Amino acid sequence: MQKTLVTIAVAASLSLGATAAHAAILDDVKAKGYVQCGVTGGVPGFSAPDSNNVWTGLEVDYCRALAAAIFNDAEAVRYTSLTSQERFTALSAGEIDVLSRTTTWTMSRDTQLGISFVGTMFYDGQGFMVRKADGIKSALDLSGAAICIESGTTTELNAADYFAANNMEFNTVVFVDQDEVVKAYEDGRCDVYTTDSSALAAERSKFAVPDDHIILPEIISKEPLGPVVRAGDTGWFNIARWTYYALLEAEELGVTSTNVDEMLGSDNPAIKRLLGVEGDFGTPLGLTKDWAYQIIKLVGNYAETYDRNVGPSTPIGLARGLNALWKDGGIQYAPPIR
Amino acid sequence: MSDIGFVRADLVPAKPAPNRTSGAMAWAQKNLFATPVDTILTLLGLLFLTWIVPPLFNFFIGHAVGPNGTVEECRAIDAGACWAYIYSEMEFFIYGFYDIPQQWRPNIVFALGAMLFVPLLIPKAPFKRVNAILFLVVYPVVSYFLLAGGVFGLTEIPTEKWGGLLVTLIISVVGITLSFPLGIILALGRQSNLPVIKTLCIAFIELIRAVPLITILFMASIMLPLFMPQGTTVDKFLRALVGVTLFTSAYMAEVVRGGLQAIPRGQYEAGASLGLGYWQRMYFIILPQALKHVIPGIVNNFISLFKDTSLVYIVGMKDLLEAVKTKNDSALEWQSANTATTGYLFAAMVFWVFCFSMSRYSMYMERRLNTGYKR
């Protein structure tokens, strides 16, 4: 008897799971009326509360773009603050529709966790910060310098590899907590502080005199950060991916949130296709014809969101670097919309 | 009879007046300078105070930047605590992401809670029964609809937006009010003669006590969604709330059991011989005595629950401490050498006020209920 009950229960839960898995995420999202977006607990520039206690940041803008494409309303987003441990579970369990949380795209994550990386919103990489007064100009001058580092991270391994590869003396001061690392560097216990360059820039902006510190030009690791969706729903994956491409394409074509209405009258066929004046690229995605117009109108293009959140005029102050468009010397590249 | 006798003819010369036995000088002499060792210790103590007090005073008040200060003042080299930062980010610390135009709703919840809860604490306040029903039954329902909205024309505010002190208070108040009765039931169950109930209670208590709260929260947040069919999600806030309540109730059960074991067997038998049933015996005779014994233990649990609420950061929720930490990291416009320190100090002060009040109230209750053992 008990055995039968268990069998029935298992079968029931399996079939429930199966039906749920087959339902398209887009339909669920449309039914509930908002996109549930997983973000960090607060990383300035990427996803953090602003002075009005509203989520802002590059990754938040991606979620807003997604909502703009689906609902013509960039505010139809709900944010779930996730720790790095729970982010993938939350995604695969369906608690969030998209994860946009400083997540590095790696092969094992992409292939083993039942999730799919959409693209690279931000090319990050590990860098070094030193005091300007020390006169160091390149990471290759760092042999023997005391390096403040967080223990047990890929940061530590990357730095060890880099030093070994360049035959330099590797001399670390190790801490368990990021805050301690920064404090130690600030107090002069070490000469160098190393972590992802975006984090370096954010920490640098918090110092009493940020200009006393410089970030060295060398980037020693690849940390492509991008949004992630559940694997298995190609329709949703395409929406997520082309929302990102639309941001890039808009920048490439010079369409911004301020001139998008004028651009509707443009003669450039690429702009016509992007804005839905010519052809209909939205309907195959399950969206409307003007999906990209809504994204640009409500959120802006990639350059706008980059400059607003992490660009040189913000306290984070990150130059475009790798994140510039391909034609400007970076590697951000969107396939054509046609 | 001899005529040898002694009759004093003149007065004894007056002795010098005794050392003062009252007044500040006398107190100082008796308590501070009684022996050479005392004197040295006193002097060392004074030296320590002159060393530690002025910098502390300067940091907290003297060189501190008041609520209306600017970040430039906070960045000055000799600036103290940056209270302007706390003042400017206060909304986040209290309400988290709760929409600013809707913040009157949590305010009403806070006010209602204070109006209903404070009279419950004052023994002389009237209408205890009505008051208790209002607080325990009506208030949670009203608060829930006010905070979450979605009905009666109120905008819906999902629990992901709740944060700060609001979350800390909700979790601790709900945890305290639910875990106390649950703990009593578990303690009684553990002493029960019915084998099934007894085993269930023991199993529950021992299982929960054997794992740290972090594990329970982690389990609720990360493992649970994997067990459930896709698409069915239980609110994260609710999961944390249930986790904290179950955890505290297991501890509460053991504290109450300690009280039950202090009651002599004669009391149980006396109750039975009066013809009282099990629940009457417990309610009228055993529990009033048992609980009185374990007030310090119970309040201990409440205080640790209040502080443990900050562990919900594990599941990505922003309680007071996590809200402060978030702003410390992300409010770049307020960055200065003392911003983060001031944030943590603020959180510490809030926690201290709540925990200290609980401890003082429990001491008052102990004195008031200490009728049978007063010496």
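Here is what the cut-offs are and how they apply
- Residues numbered from 1 in each chain as written.
- Chains lettered and ligands numbered in written order.
- Predicted model: local features only at pLDDT ≥ 70, side-chain atom pairs only at ≥ 80, totals over all residues.
- Axes fitted to C-alpha atoms, helices over the stretch in contact; angles between N-to-C directions.
- Helix = DSSP H or I, 4+ residues; strand = E, 2+ residues; numbered from the N terminus.
- Parallel < 35°, antiparallel > 145°, perpendicular 65-115°, else oblique.
- Left-handed = near helix turned anticlockwise from the far one by under 90°.
- Contact = placed C-beta atoms within 7 Å.
- Nonpolar A, V, L, I, M, F, W, Y, C, P; charged D, E, K, R; others polar.
- Domains from an automatic or database assignment.
- Buried ≥ 20, exposed ≤ 12 C-beta atoms within 10 Å, placed from the backbone.
- Pairing = 2+ DSSP bridges.
- Core = buried A, V, L, I, M, F, W, Y, C linked by C-beta atoms within 7 Å.
- Expected span 1.5 Å × (residues − 1).
- Bend = angle between axes of the 7 residues up to and from the residue.

## Observations concerning the packing of helix 10 (residues 236–261) of chain B against helix 12 (residues 278–293) of chain B
Residue and element names in this part refer to chain B.
Thought 1: It is the contact of helix 10 with helix 12, at a shortest axis distance of 8 Å, that shows an interaxial angle of 115°. The orientation of helix 10 relative to helix 12 falls into the category roughly perpendicular. Regarding helix 10 and helix 12, the two cross each other, and that crossing is right-handed. Residues V256, G259 and L260 of helix 10 touch helix 12, and the partners they reach there are I286, A290, L291 and H293.
Thought 2: Looking at the contact of helix 10 with helix 12, its residues break down into five nonpolar, two polar and no charged.

## Side note on the domain arrangement of chain B
Residue and element names in this part refer to chain B.
Thought 1: When the domains of chain B are assigned, the result is domain 1 (101–157) and domain 2 (160–228 + 239–259 + 293–369).
Thought 2: Between the C-alpha centres of domain 1 and domain 2 the distance comes to 21 Å.
Thought 3: Taken residue by residue, the interface counts six residues in domain 1 and six residues in domain 2.
Thought 4: Only helix 5 (104–121) and helix 6 (128–148) provide two or more residues apiece to the side of domain 1 that touches domain 2.

## Describing the pairing of strand 11 (residues 192–196) of chain A
The two faces of the sheet receive side chains in turn, since in a regular strand these alternate between them.
Residue and element names in this part refer to chain A.
Thought 1: With five of five residues buried, strand 11 is to be regarded as a mostly interior element.
Thought 2: Summarising the sheet, strand 8 (residues 126–131) and strand 11 pair through five bridges and their orientation is antiparallel. Counted as the bridge partner of V130 is V192 from strand 11.
Thought 3: Strand direction decides the pairing type here: strand 9 (residues 146–150) and strand 11, joined by two bridges, are parallel. The residue of strand 11 that forms the bridge with I147 is V192.

## A look at the domain arrangement of chain A
Residues and elements named next belong to chain A.
Thought 1: If you check the domain split of chain A, you get domain 1 (25–123 + 225–328) and domain 2 (126–221).
Thought 2: One C-alpha centre belongs to domain 1, the other to domain 2, and the line joining them spans 31 Å.
Thought 3: Counting residues at the interface gives seven residues for domain 1 and four residues for domain 2.
Thought 4: A class-by-class count of the residues in the side of domain 1 that touches domain 2 yields five nonpolar, two polar and no charged.

## Overview of the interface of chain A and chain B
Thought 1: Tallying the contact residues gives 29 residues for chain A and 26 residues for chain B.
Thought 2: Listed by contribution, the elements that provide at least two residues to the side of chain A that touches chain B are helix 1 (2–22), strand 2 (48–49), strand 4 (77–81) and helix 8 (197–206) of chain A.
Thought 3: Of the residues contributing to the side of chain A that touches chain B, the split by class is eleven nonpolar, 14 polar and four charged.

## Quick notes on the nonpolar core
Thought 1: Counting 93 residues, the largest nonpolar core has L66(A) and I295(A) as its most contacted members.
Thought 2: The dominant element in this core, judged by the number of residues it contributes, is helix 3 (residues 58–71) of chain A, at eleven residues.
Thought 3: The two domains that each donate at least three residues to this core are domain 1 (25–123 + 225–328) and domain 2 (126–221) of chain A.
Thought 4: When sequence neighbours within four positions are dropped, the list of residues in contact with L66(A) reads V35(A), V98(A), A240(A) and T243(A).
Thought 5: Y85(B), C201(B), L320(B) and A323(B) belong to the second-largest nonpolar core, a separate cluster that totals 69 residues.

## Side note on helix 4 (residues 83–95) of chain B
The periodicity of an α-helix, 3.6 residues per turn, causes residues three or four places apart in sequence to face the same way.
Thought 1: The terminal C-alpha atoms of helix 4 of chain B lie 18 Å apart, and with 13 residues this matches the ideal 18 Å at 1.5 Å per residue to within 8%.
Thought 2: Taking the largest bend as the criterion, helix 4 of chain B deviates by roughly 60°, centred on E89(B).
Thought 3: Three or more residues of helix 4 of chain B are buried, namely W83(B), A84(B), Y85(B), I86(B), S88(B), E89(B), F92(B), F93(B), I94(B) and Y95(B).
Thought 4: The secondary structure elements touched by the buried residues of helix 4 of chain B are strand 2 of chain A together with helix 3 (71–75), helix 5, helix 7 (164–190), helix 14 (320–330) and helix 15 (339–369) of chain B.
Thought 5: One or two positions beyond helix 4 of chain B, positive phi appears at G96(B), with a value near 65°.

## Focus: unusual backbone geometry
Residue and element names in this part refer to chain A.
Thought 1: A positive phi angle is found at N53, which is not glycine, with a value near 60°.
Thought 2: For N53, the location among the structural elements is in the loop between strand 2 and strand 3 (55–56).
Thought 3: N53 sits in the buried class, given 22 other C-beta atoms within 10 Å.
Thought 4: Its identity as a non-glycine residue notwithstanding, N167 has a phi of 55°, on the positive side.
Thought 5: Classification of N167 by C-beta neighbours within 10 Å gives exposed; the count is 8.

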